[in-house]
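Here is how the chains run, residue by residue.
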Amino acid sequence: MEEKNLTQQESLELISKMIKETRTNMERDGGGIYLLWGYVWLIVAAAVYLLTLKTGDYRVQWLWFAIPLVGYPGMFILLRKREKRAITFVGRVIGSVWITIGIAAGLLSLYMLVNHLAFPILFVMALLINIGVAISGLVIRFTPITIAGFIGILLSFVLLMVPGIHQIAVFGAFSIIMLIIPGHILAAAGQRIKKAGNHV
Amino acid sequence: MFKELDPLLHSQLRLAVISLLVSLEEADFVFLREKTNSTAGNLSVQLDKLGEAGYIEIEKGYSGKRPRTTCHITEHGRQAFENYVEALKTYFTP
């Protein structure tokens, strides 16, 4: 494209063409981050559950902090690797939602150090993350993610009914529904979009 | 009555750039070059013209160790684009 004078018709066609070029669905290329958090969550929850069952030592609960200690640096590495050449409004909204949820989840976890009985932390965390998943699915208009989010919101209430340490096993299993399955679906969608040249 | 078209926007590459940026929060140089299929040198010149007119803001930074230039449309640029489109309509209205 060079510095060429256009007719009015050509101007209109060019505007239309360029606006279409910005309608990418690269926001759907977030599968890696879902998978990172999903698998870290699953592994840590499994470890906490099994070690607590085996040892009965509640100091094992400190292992929960492995989730943010592994998850946040891993996420920053993934984000840096992903070349963000253009930011859409949708992309900014999704980013803002997860930053907010991340901060809230972090603060909730820290408050556990002050009073670990203050609120049902597993239920609150599951609800918070599923709200994020549902909003993300709605904003990017990707039905599998939206469904995963709302199913997760419903299933979060199961954590209020499951007694004692078995909540941890249920919480760990939720990572499969809330993050791992949606993550694989998103990753597959991202690959299809890349092959199609960033358009759907 | 035909309205005058903004000469700064009534040019293929500059209009393409503004049309892209009006739909995005920001875009980098590589993205703009790929979407407009232009040469780096020409794009750079046109971006400077749009920047001098206050239609876009250009930020030069780094992505790791690589230099990275990003652009976003300003409110003035958005208004100029809207005015351009309104003026274009006068050529098509019977």
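Our subject in this report is the structure included herewith.

## Thoughts on helix H4 (residues 89–114) of chain A
Residue and element names in this part refer to chain A.
Next up, step 1: The end-to-end C-alpha separation of H4 is 38 Å, in line with the 38 Å expected for 26 residues at 1.5 Å each.
Next up, step 2: Along H4, the residues classified as buried are Ile94, Val97, Ile101, Gly102, Ala105, Leu108, Ser109 and Met112.
Next up, step 3: Where the residues of H4 are buried, they touch helix H3 (66–81) and helix H5 (121–140).

## Re the environment of Ala87(B)
Residue and element names in this part refer to chain B.
Next up, step 1: Among the secondary structure elements, Ala87 is positioned in helix H4 (residues 75–89).
Next up, step 2: Given the relative accessible area of 4%, Ala87 is considered buried.
Next up, step 3: Once residues within four sequence positions are removed from consideration, Ala87 is found in contact with Lys3, Glu4 and Leu5.

## Considerations on unusual backbone geometry
Next up, step 1: At Arg141(A), a residue that is not glycine, the phi angle is positive and equals roughly 55°.
Next up, step 2: Tracing the chain through its elements places Arg141(A) in the loop between H5 and helix H6 (143–156).
Next up, step 3: Residue Arg141(A) is classed as exposed on the basis of its relative accessible area of 72%.
Next up, step 4: Non-glycine residue Asn37(B) carries a positive phi angle of around 55°.
Next up, step 5: Tracing the backbone shows Asn37(B) in the loop between helix H2 (29–36) and helix H3 (40–52).
Next up, step 6: The exposure class of Asn37(B) is exposed, given its relative accessible area of 63%.

## Notes on the side chain of Thr52(A)
Next up, step 1: Following the sequence through the fold, Thr52(A) ends up in helix H2 (residues 31–55).
Next up, step 2: Not counting residues within four places of it along the chain, the set of residues in contact with Thr52(A) comprises Asp57(A), Tyr58(A), Val60(A), Gln61(A) and Ile165(A).

## So, the packing of aromatic side chains
Residues and elements named next belong to chain A.
Next up, step 1: Here the structure, examined in full by the defined rule, presents seven aromatic pairs over all chains.
Next up, step 2: Measuring from ring centre to ring centre gives 5.2 Å for Trp37 and Tyr72, while their planes differ by 80°; the resulting arrangement is edge-to-face. Taken together, the residues span a long stretch of sequence, with Trp37 in helix H2 and Tyr72 in helix H3 at a distance of 35 residues.
Next up, step 3: With a centroid separation of 5.9 Å and 35° between ring planes, the pair formed by Trp62 and Phe65 is classed as tilted.
Next up, step 4: When its relative accessible area of 55% is taken as the criterion, Trp62 is described as exposed.
Next up, step 5: Among the aromatic residues, those joined into a cluster by ring pairs are Trp41, Trp64 and Phe171.

## Side note on the pattern of salt bridges
Next up, step 1: A full pass over the atoms with the stated rule returns six salt bridges over all chains.
Next up, step 2: Between Lys35(B) and Glu21(A) there is a salt bridge, and its shortest N-O distance comes to 3.2 Å. In this pair, Lys35(B) sits in helix H2 while Glu21(A) sits in helix H1 (residues 8–21), so the two residues belong to two different chains.
Next up, step 3: Between Lys89(B) and Glu86(B) there is a salt bridge, and its shortest N-O distance comes to 3.1 Å. Of this pair, Lys89(B) and Glu86(B) both sit in helix H4, three residues apart, which is roughly one turn of the helix.
Next up, step 4: By relative accessible area, which is 43% here, Lys89(B) ends up partly exposed.

## Here's the deal with the sheet that holds strand E2 (residues 56–63) of chain B
Next up, step 1: Across the sheet, which stays open at both edges, the four strands sit in the order E1(A)-E1(B)-E3(B)-E2(B) with antiparallel pairing between neighbours. Because the sheet does not close on itself, it has two edges, and the strands there are strand E1 (86–87) of chain A together with E2 of chain B.
Next up, step 2: As paired strands, E2(B) and strand E3 (residues 66–73) of chain B are joined by eight bridges and run antiparallel to one another. Bridge pairing in E3(B) links Ile58(B) to Cys71(B).

## With respect to the interface of chain A and chain B
Next up, step 1: Listed as interface residues are 27 residues of chain A and, on the opposing side, 36 residues of chain B.
Next up, step 2: Both faces considered, chain A and chain B share a buried interface measuring about 2,800 Å² in area, 57% of it formed by carbon and sulfur atoms.
Next up, step 3: Summed over the shared surface of chain A and chain B, the number is three salt bridges.
Next up, step 4: Residue Arg92(A) is joined to Glu25(B) by a salt bridge in which the shortest nitrogen-to-oxygen separation is 2.4 Å.
Next up, step 5: Put simply, chain A and chain B have nine residue pairs in polar contact (both at pLDDT 80 or more) between them.
Next up, step 6: Going through the elements one at a time, H1, E1 and H4 of chain A are the ones with two or more residues in the side of chain A that touches chain B.
Next up, step 7: Among the elements that take part in the side of chain A that touches chain B, H1(A) stands out by supplying nine residues, more than any other.
Next up, step 8: The pairing of E1(A) with strand E1 (residues 26–28) of chain B spans two bridges and is classified as antiparallel.

## Some thoughts on the nonpolar core
Next up, step 1: In terms of nonpolar packing, the biggest core is built from 40 residues, with Trp41(A), Trp64(A), Leu122(A), Leu159(A), Ile168(A), Phe171(A) and Leu179(A) touching the most fellow members.
Next up, step 2: Only H2, H3, H4, H5 and helix H7 (166–195) of chain A provide two or more residues apiece to this core.
Next up, step 3: Among the elements that take part in this core, H2(A) stands out by supplying 10 residues, more than any other.
Next up, step 4: The residues contacting Leu122(A), other than those within four sequence positions of it, are Trp64(A), Leu159(A), Gln167(A), Ile168(A) and Phe171(A).
Next up, step 5: One finds Ala86(A), Leu8(B), Phe29(B) and Ile56(B) within the second-largest nonpolar core, a separate group that totals 33 residues.

The rules we used
Residues numbered from 1 in each chain as written. Chains lettered and ligands numbered in written order. Predicted model: local features only at pLDDT ≥ 70, side-chain atom pairs only at ≥ 80, totals over all residues. Heavy atoms only, no water. Helix = DSSP H or I, 4+ residues; strand = E, 2+ residues; numbered from the N terminus. Expected span 1.5 Å × (residues − 1). Buried < 20%, exposed > 50% of the residue type's maximum accessible area, 1.4 Å probe, protein only. Contact = heavy atoms within 4.5 Å. Phe/Tyr/Trp six-rings, centres within 6.5 Å; stacked < 30°, edge-to-face > 60°. Salt bridge = Lys/Arg side-chain N within 4 Å of Asp/Glu carboxyl O. Pairing = 2+ DSSP bridges. Buried area = accessible area lost by both parts, 1.4 Å probe. Polar contact = N/O pair within 3.5 Å; in protein donor to acceptor, adjacent residues only side chain to side chain. Core = buried A, V, L, I, M, F, W, Y, C linked by side-chain atoms within 4.5 Å.

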